[in-house]
Amino acid sequence: MAQRSDAEQNRARILDVAREELSAATDVSLHAIAKRAGVGQGTLYRHFPSREALLMAVYREDVTGLVDAAGTLLTTHDPMAALRLWLDRLAAFGRVKHGLASVLHAATYADLSTEHYQPVTAAIDQLLSAGRDAGVVRDDVEAGDLLLLVAFLWRGDRGEEWERRSRHLLEIVLDGLRPAHACGCG
């Protein structure tokens with residue numbers, strides 16, 4: 001039983017280190033990830049037989065965390081604040097995903113996107129529904145619409161100027177989600 005627990009801890013540590021290292025530089029070696037995680041290369045390859053397998057595991061875990069965050073944020077924040085915080089997480093995810101895009105094969109990436117589209121839109125719908133129920137989100141906005149509106153999070157360079165502009169663009173999107181009576185628009 002201790003080996004199983006150790007194996008799970010090793011896997012989690014490898015994923016954490018890989019996420020951190022890959023967000024800094026997509027060309028980091030698997031050897032460097034194993035060394036920083038404090039495991040041998042054999043342990044790394046037992047859990048992740050290829051670079052792509054490791055990248056896909058990081059991606060899947062990050063999407064799951066993003067999806068799960070919607071409900072958690074709604075328990076601790078009002079609907080509009082929860083939506084904003086979730087979109088901030090989506091932006092952070094977009095920055096990492098943008099960096100990994102050149103590493104993942106196009107077909108693999110398309111499969112991952114398809115696999116996670118429904119859970120991500122379900123999380124967005126949960127946030128939008130709470131906002132509609134509270135009267136702070138328009139009735140005509142669907143999850144897929146919002147996802148298209150924030151697609152800019154995966155584009156552009158990633159410098160300081162981009163960070164400022166993306167925050168500003170998110171504010172514009174959030175303002176557009178408010179019903180006319182809530183924003184004084186009509």
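These numbers come from a predicted model, not from an experiment.

Helices and strands together make up the secondary structure of the protein chain, namely nine helices and zero strands. When the elements of the protein chain are put in sequence order from the N terminus, they spell out α-α-α-α-α-α-α-α-α. Burial status across the protein chain gives 39% buried among its 186 residues. For the protein chain, contacts bridging at least 24 residues in sequence account for 67% of all contacts bridging at least 6. Taken as a whole, the protein chain presents about 10,100 Å² of accessible surface, with 52% of it coming from carbon and sulfur.

Looking now at helix H4 (residues 51-76). Spanning 26 residues, H4 covers 37 Å between terminal C-alpha atoms, matching the ideal 38 Å at 1.5 Å per step. Roughly 30° is the biggest bend found in H4, and it falls at Ala69.

Along the chain, Thr43 turns up in helix H3 (residues 41-47). If we ignore the near neighbours within four places in the chain, the residues touching Thr43 are Asn10 and Ile14.

Scanning the entire structure with this criterion turns up eleven salt bridges. Glu21 is paired through a salt bridge with Arg36; the nearest N and O atoms lie 2.8 Å apart. Placement of Glu21 in helix H1 (residues 2-24) and of Arg36 in helix H2 (residues 30-37) is noted, with a sequence separation of 15 residues between them. Across the pair Arg132 and Asp125 runs a salt bridge whose closest N-O atoms are separated by 3.4 Å. Relative accessible area serves as the criterion here: at 21%, Arg132 is assigned to the partly exposed category. For Asp125, a relative accessible area of 34% corresponds to the partly exposed category. One network of salt bridges, in which partners are shared, links Asp16, Arg19, Glu61 and Asp62.

Let's shift gears to the environment of Phe48. Secondary-structure assignment places Phe48 in the loop between H3 and H4. Judged by its relative accessible area of 2%, Phe48 falls in the buried class. Considered as a pair, Phe48 and Ile14 are 34 residues apart in the sequence and their alpha carbons are 9.4 Å apart. Residue contacts for Phe48: discarding those within four places in its chain leaves Arg11, Ile14, Leu15, Ala53, Leu54 and Ala57.

Moving on to the environment of His116. Tracing the chain through its elements places His116 in helix H6 (residues 106-133). Counting along the chain gives 56 residues from His116 to Arg60, while the straight-line C-alpha distance between them is 8.1 Å. In this structure His116 touches Tyr59, Arg60 and Val63, once residues within four positions along its chain are discounted.

Turning next to the nonpolar core. Within the largest apolar cluster, 33 residues are counted, with the highest numbers of intra-cluster contacts made by Leu83, Trp86, Leu87, Leu90, Ile124, Leu146 and Val150. Considering every element that reaches this core, the biggest residue donor is helix H5 (residues 79-101), with eight residues. Dropping the residues within four chain positions of it, Val150 is found in contact with Leu87, Leu90, Leu170 and Val173. Counting residues in hydrophobic clusters, the runner-up holds 18 residues, among them Ala34, Ala37, Ala53 and Val58.

What counts, and where the lines are drawn
- Residues numbered from 1 in each chain as written.
- Predicted model: local features only at pLDDT ≥ 70, side-chain atom pairs only at ≥ 80, totals over all residues.
- Heavy atoms only, no water.
- Helix = DSSP H or I, 4+ residues; strand = E, 2+ residues; numbered from the N terminus.
- Buried < 20%, exposed > 50% of the residue type's maximum accessible area, 1.4 Å probe, protein only.
- Contact = heavy atoms within 4.5 Å.
- Areas by Shrake-Rupley, 256 points an atom, 1.4 Å probe, with all protein chains shown as cover.
- Expected span 1.5 Å × (residues − 1).
- Bend = angle between axes of the 7 residues up to and from the residue.
- Salt bridge = Lys/Arg side-chain N within 4 Å of Asp/Glu carboxyl O.
- Core = buried A, V, L, I, M, F, W, Y, C linked by side-chain atoms within 4.5 Å.

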